[in-house]
Amino acid sequence: MADHKPIYGSYLLFLLFSLNSLYFVDTEGLPKKAQLENLVENLSRTLVGRFNTVTASDTVVAAYNNTDSKNKAHAKFSLKFEKLDTDAIVKNFADSLRSMFLLKMEALNNSVRAAEEAAANHTWNNNIKKEDFTCLKAKEILPNNTGLVYSERFKQKIIPNVSSIHIPVEIYDGVKLVPQWSLKEKIPRDVEILNGLQWSAALDKVFTENYKKDPEILWQYFGSQSGFMRTLPASRWETGDEVDLYDVRRRPWYTQGSSSPKDMLILIDTSGSVFGQALELIKVAVKSLLDTLGENDFVNIAHFSKEAHNVSRCFNGTFVQANYRNKKKLIEEVNGIEAGGMANYKAGLTFAFEQFVKLKNQTNGRRGADCNRMIMLLTDGGSDLAEDVFKKYNPKDHQMYRVFTYAVGPTANPVSAIRWMACANKGYFSQIPAMGAVRSKVQEYVDVISRPLPLYHSKHELWTSIYQGVYQDAGLGMMTTVTLPVYNKTNMNGSTAQTILGVMGIDVTTDAMLKYAPLRKFGPNGFTFAINANGYIVFHPKLKVQNDLKDPPNVDFLEVEVETDATVQLRNDMIDQKQDRIEIVMYTIAKDQRHVDIENGDRKRIISYRGIDLTNFSLGVNIPKYHEYYLMIETDIQTPVNEKNKSLLNDTHTALLIPDWEFFEGYLSKNSTGTVLDLQEALENPSQYKWDDELINHLLFDLSVTSTIDGFWPLLHNNPDGEGLIGAFIATMGGLTKIYPKSCTYKHLATRNLCEGPRPRDRKCYIECSNVTDREDLVKQFIDQRDPWKANYFKRAIDAPHLIFSAPYILDPVSPENISANDSFGEVTVVKSISINNSKMGSNLGGQSLNYKAAVLGAVFTHEHIRDTMIKVSNQTSIGDCGDPSTTACYLIDDGAFLIATNQEQYETSVGRFFGKVDPEVMFQLYNSSFFHRIHQFDYTATCNIVNDETSAANINIPFVALFYEFLTFNWWSSIMTWTITNFNIYNMMYTEPAYGLEDELFNMAKTRECVKKQAQYFFSDLEYLEGQTDCEVRNINCSREFVVHRVMDTNLVMVITDAEKDGCDKCRKSVNPKDLIQEPIEPSAREVDNEFCHMKPRYRKSTSNCYDSHPAENTDKCSASLAHPVSMVIIFLVSMAIILLNNR
């Protein structure tokens, strides 16, 4: 969001005075406009000239543009500039993805056919026991299992060609834990699971065959509607110290594949009888229901007693998309409901149906899922049938809605009425007597709404939104899953024909998709991206996701790109899978998240996009206009590196770093030092390696061209031109980073391969360095930036036509007493791109204009040098103000409003700090007067550190939740072994707060928590000059200060000259509210988050799923589960007291 307007509020009088004086103040003590223009012009000339001198800019530009046939640097290379056809690129990319996806879909259909056939041929055994067959449980695979072998494809150890199974702990784990019943003839769940495990073993064969046909396939799995999951290949199931709460039926790929989209209204009974344990169970059940919904579903929540109301104030009682953030907000609001009053079922149900009417009337069917319409009633029971309400809104001859009812808690209230509601309205009645039953009971509705699918014989592959797989620790990254339901075909004429056996899925990682993209052609600032029909990111370089996020992140395209009319239209067109090529102005937030550039002119963005067949994804390619040409280089790499040109790899004075690119097959698996010497052995014997010609040719070309300045930089030593210079460097598009001086760190890196290994080639290893500070060791600072394409300085430089000044970012100033010689604070890095613009460089250009960004030159100066240059130029232009820091404060700040240089000694340790923290009064004026604009973003998936007092306030501790249901059922008491477990669990129950979520019981052990953060980036407006004053008075002291500001041409700098701060005026700094000048990520107040989040308008989306919400042949007779048999609460109380007394003896 862009902020272009002044700030109003508590500063009204202050602003009125300031703005009134902005252009009419007498600035007699400061430079006049003409004087300041002269100053900044001379300063620009000095800074640019100094940079060009120390970097040998003219020499490098000439070397890259030299077409002389005698030019040795170019002699061995043939250059060809290929004009990028983004339409053709995106088409070829989309076609490649289509082919890959088609292979996965064919494999998926093979697996589904095999599963349905295996189930149909299976002879059901009601007396089956686990000893009757063998299966490999993922949780029982030990680390020392001899079958485990490491697989690069899966990034972990696997057991090839064998599947493993996972079963939710609260359902079945080798013994009969929970007396649940399936919907098929009330078959005990453990019998159903064992039969399923037996017939699904046949899937190993088809899974293995799929791998042979498509070696790129990753995990293949079958998720059963009874809860078990079979996965091939087998691998260890590790949860660490956490309770294993994984249930395949709650994963996004399963919920999407097992039913059509849903419009769900959750109706909560909050009458006086629903209190204590029942109300807490209802809250947990609501969260569990929300967990079964995905981004293609819509949800609303209401509660009732005497009257009915919407739960959510944030969403104003509307159905909202069941994405990650909306569900999180709904859970937060559900936690705040309280019980009281009498239950009026007619009022509650009428209100619920009216919400659906409102949804239809207000949106004309274009908002919401517009498919399965469901009311989920959670209550402790009652006797009112509310027949009149159902006759009015859901008559039997035209039933548009399903009603699912849940009797929650150990209630004595009658449940026959709510059971009738479910049975009379194509729904299902379930009872949730205790915590451990919540997850399994809540999701029973899925079996019901999936009935129409097999009746229609629907075979429609669905692609999920991206999410982190269960094996996220393996480093496979984000992935999507293609799914198909598996139908029960054992009796096509009977009732079993309307049930699904489960869902089959195959994963495709986003990294696998990107392998088909010609990423090298896009350049450092170009990229490819994809979104789905909801406008959510499939892949995008700016997508950031928490490592432990269980749900799909649901990050919208407009959350990673600044929202403008152009980007909104682009998003809408891509959702509709349109095909086009556009040029638009965009805001580009830098990689450091602290700067933003307006991409206009020759920096406009060229975007080509189109849909990907067979999916609901749309693909785009985004490149800057200046990168319309791509450089292809040819050379004879078979000419070995010899003694004459070996110096290219080992220059005496400069360090040569290279990125982790696969220059030849197997390069990345070697013990890399990050220096060009890693390639020496291979280049001496090139025929023995399989090279990536594109990468190695470009690198060799850059090595050759940049060798023209190898002898220049050493001449700066003890030379006036080298004053204040810490070092210089050049980074190229071919991946080379050449740094002067070479430094001690480089010698360590260059000799590492000689010193490590069984037979060191050189015993003189790890040269000891003395009198070399970190500040002088520039190589050390570039080790992590040796991939120029990923380096922030490189990406910004090639995107700008001028010098870019920057300083290492600091949040707080460095204390002078803590500064040592090794500190590198206050360094100022200056960079600028150089281009090949000689059209004769490419034989195929035919005289066309060219502006190919070939490299970035850089120099690192001390802050003192930049400061002294500013003061010296000020004195030379007869404006000596900056030479007297006691009366005049002079600053150079960059285009993001960060301090680069100052004559104020007390702020020298603030170089790199946001100017709003250095001089908030002046920065407030610069922003409020629109010299600076800003944009801000809310990051809804950020993490914050947990402070000690947060854990007790947010405690969500449910130890071994799977056993709570057992604790309240008759069968549980049949096992003496469980007494030991009870001892632990009851004790914890008595000393923990109520539970609000089943999967957060280890919250106390976490060091971070999910939160929302707000960050802002500042950028220049069109103003070049500004004058004005601040206004402040402290104890009759006039603390007002005049200021003048002017941009410094050919740089990203602005010069600020203001009266020095007066003694006794410290309080003026506090007159500016820090919230009005935010910059670094902060956690805003809950109210501010709500104001932003709750007022967001729903964005355009498109439904792509077929709707199967009913079928005339559907059998709705099976509409309730058997009742549990709760143990006497008196027994529970006596046992609890006895255990507590024993523990306190």
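What counts as what
- Residues numbered from 1 in each chain as written.
- Predicted model: local features only at pLDDT ≥ 70, side-chain atom pairs only at ≥ 80, totals over all residues.
- Heavy atoms only, no water.
- Helix = DSSP H or I, 4+ residues; strand = E, 2+ residues; numbered from the N terminus.
- Contact = heavy atoms within 4.5 Å.
- Areas by Shrake-Rupley, 256 points an atom, 1.4 Å probe, with all protein chains shown as cover.
- 1 Å grid on protein atoms, 1.4 Å probe; cavity = no way out; pocket = protein on both sides within 12 Å on 5 of 7 lines; lining within 4 Å.
- Points joined across faces, edges and corners; volume = space filled by probe spheres on them.
- Nonpolar A, V, L, I, M, F, W, Y, C, P; charged D, E, K, R; others polar.
- Phe/Tyr/Trp six-rings, centres within 6.5 Å; stacked < 30°, edge-to-face > 60°.
- Buried < 20%, exposed > 50% of the residue type's maximum accessible area, 1.4 Å probe, protein only.
- Lys NZ or Arg CZ within 6 Å of the ring centre and 35° of its normal.
- Axes fitted to C-alpha atoms, helices over the stretch in contact; angles between N-to-C directions.
- Parallel < 35°, antiparallel > 145°, perpendicular 65-115°, else oblique.
- Left-handed = near helix turned anticlockwise from the far one by under 90°.
- Pairing = 2+ DSSP bridges.
- Core = buried A, V, L, I, M, F, W, Y, C linked by side-chain atoms within 4.5 Å.
- Salt bridge = Lys/Arg side-chain N within 4 Å of Asp/Glu carboxyl O.

Each helix and strand in the protein was counted, giving 33 helices and 41 strands. Sequence separation of at least 24 residues holds for 76% of the intrachain contacts in the protein that already meet a minimum separation of 6. Just so you have it, the protein exposes about 48600 Å², and 50% of that area is on carbon and sulfur atoms.

Inspection of the entire model under this criterion finds 12 cavities of 30 Å³ or more. Estimates place the volume of the largest cavity at around 410 Å³. Elements represented by at least two residues in the lining of the largest cavity include exactly helix 8 (252-257), helix 10 (324-334) and strand 17 (478-487). Of the residues belonging to the lining of the largest cavity, the class tally is 12 nonpolar, 17 polar and eight charged.

Under the counting rule described, the total for this entry stands at 49 aromatic pairs. A ring pair is formed by Y891 and F915, whose centres lie 5.0 Å apart and whose planes are at 70°; its orientation type is edge-to-face. You can see Y891 sitting in strand 33 (residues 888-894) and its partner F915 sitting in helix 27 (residues 915-918), a full 24 residues away along the chain. F915 matches Y891 in its accessibility class, with the two residues each being buried. One aromatic cluster is present, formed by F319, F353, F356, F390, Y393, Y401 and W420 through successive ring pairs. Over the aromatic face of W789 sits the side chain of R520, whose NZ or CZ is 4.0 Å from the ring centroid. Here the guanidinium or amino end of K853 rests over the ring plane of Y626, the centre of that ring lying 4.3 Å away.

With that settled, consider unusual backbone geometry. Most peptide bonds are trans, and most residues other than glycine sit at a negative phi. Following L232, the chain continues to P233 via a peptide bond in cis, the omega torsion being 5°. Here P233 is to be found in the loop between strand 7 (229-232) and helix 8. With an omega of 0°, the peptide bond running from Y740 to P741 counts as cis. Counting through the fold element by element, P741 comes out in the loop between strand 29 (737-740) and helix 23 (743-755). The backbone phi angle of K426 is positive, close to 55°, even though this residue is not glycine. Secondary-structure assignment places K426 in the loop between helix 13 (416-423) and strand 14 (428-432).

Another point: the packing of helix 2 (residues 33-55) against helix 26 (residues 863-876). For the pair helix 2 and helix 26, the least separation of the axes is 9 Å and the interaxial angle reads 140°. Classed by the angle they form, the pair helix 2 and helix 26 counts as oblique. In terms of crossing hand, the pair formed by helix 2 and helix 26 is right-handed. Residues L39, N42, L43, T46, L47 and R50 of helix 2 pack against H865, T869, M870, V873 and S874 of helix 26. Across the contact of helix 2 with helix 26, the residue classes tally to five nonpolar, five polar and one charged.

With that settled, the discussion passes to the sheet that holds strand 33. Strand order across the open sheet formed by five strands is 34-33-41-40-37, with antiparallel pairing between neighbours. Looking at which strands have only one partner, the edges of the open sheet turn out to be strand 34 (899-902) and strand 37 (1025-1029). Neighbouring strand axes in the sheet, compared pairwise and without regard to direction, differ in orientation by 20° on average. Looking at chain direction, strand 33 and strand 34 are connected through three bridges and run antiparallel.

Within the largest apolar cluster, 98 residues are counted, with the highest numbers of intra-cluster contacts made by F663, L892 and M1055. Examining the composition of this core, we find that eight residues originate from one element, strand 32 (residues 852-861), more than from any other. Every residue in contact with L892, bar those within four places of it in the chain, is listed here: L43, I866, M870, F898, L899, I900, A901, V1048, L1053, V1054 and M1055. Judged by nonpolar contacts, the second largest core, of 92 residues, contains A119, I165, W219 and I606.

Within the structure shown, the criterion is met by 46 salt bridges. In this structure, D291 engages R250 in a salt bridge whose closest nitrogen and oxygen atoms are separated by 3.7 Å. Of this pair, D291 sits in helix 9 (residues 277-291) while R250 sits in the loop between strand 7 and helix 8, and the two are 41 residues apart along the sequence. Each member of the pair D291 and R250 is classed as buried. When the shortest N-O distance is used, the salt bridge between K690 and E665 registers 3.8 Å. With a gap of 25 residues between them, K690 in the loop between helix 21 (680-684) and helix 22 (693-706) and E665 in the loop between strand 27 (655-657) and helix 21 connect regions that are remote in the sequence.

Structurally, V311 can be placed in the loop between strand 10 (308-310) and strand 11 (320-321). Considered as a pair, V311 and I268 are 43 residues apart in the sequence and their alpha carbons are 9.1 Å apart. For V311, the residues in contact, after removing those within four places along its chain, are I301, A302, H303, E333, V334 and I337.

Let's shift gears to the sheet that holds strand 27. Overall, antiparallel pairing links the six strands, which are arranged 27-29-28-32-31-30 in an open sheet. At either end of the open sheet lies a strand with only one pairing partner, and these are strand 27 and strand 30 (804-806). Strand-to-strand, the axes of this sheet are offset by a mean angle of 20°, without reference to chain direction. Sheet topology places strand 28 (residues 725-732) next to strand 32; seven bridges connect them, and they run antiparallel. Bridge pairing in strand 32 links F729 to G858. Of the strands in this sheet, strand 28, strand 31 (828-836) and strand 32 touch helix 3 (residues 57-65), which is tilted by about 25° from strand 31. The strands touched by helix 26 are strand 30, strand 31 and strand 32; relative to strand 32, the strand with the most contacts, the crossing angle is about 90°.

These figures capture arrangement, not role.
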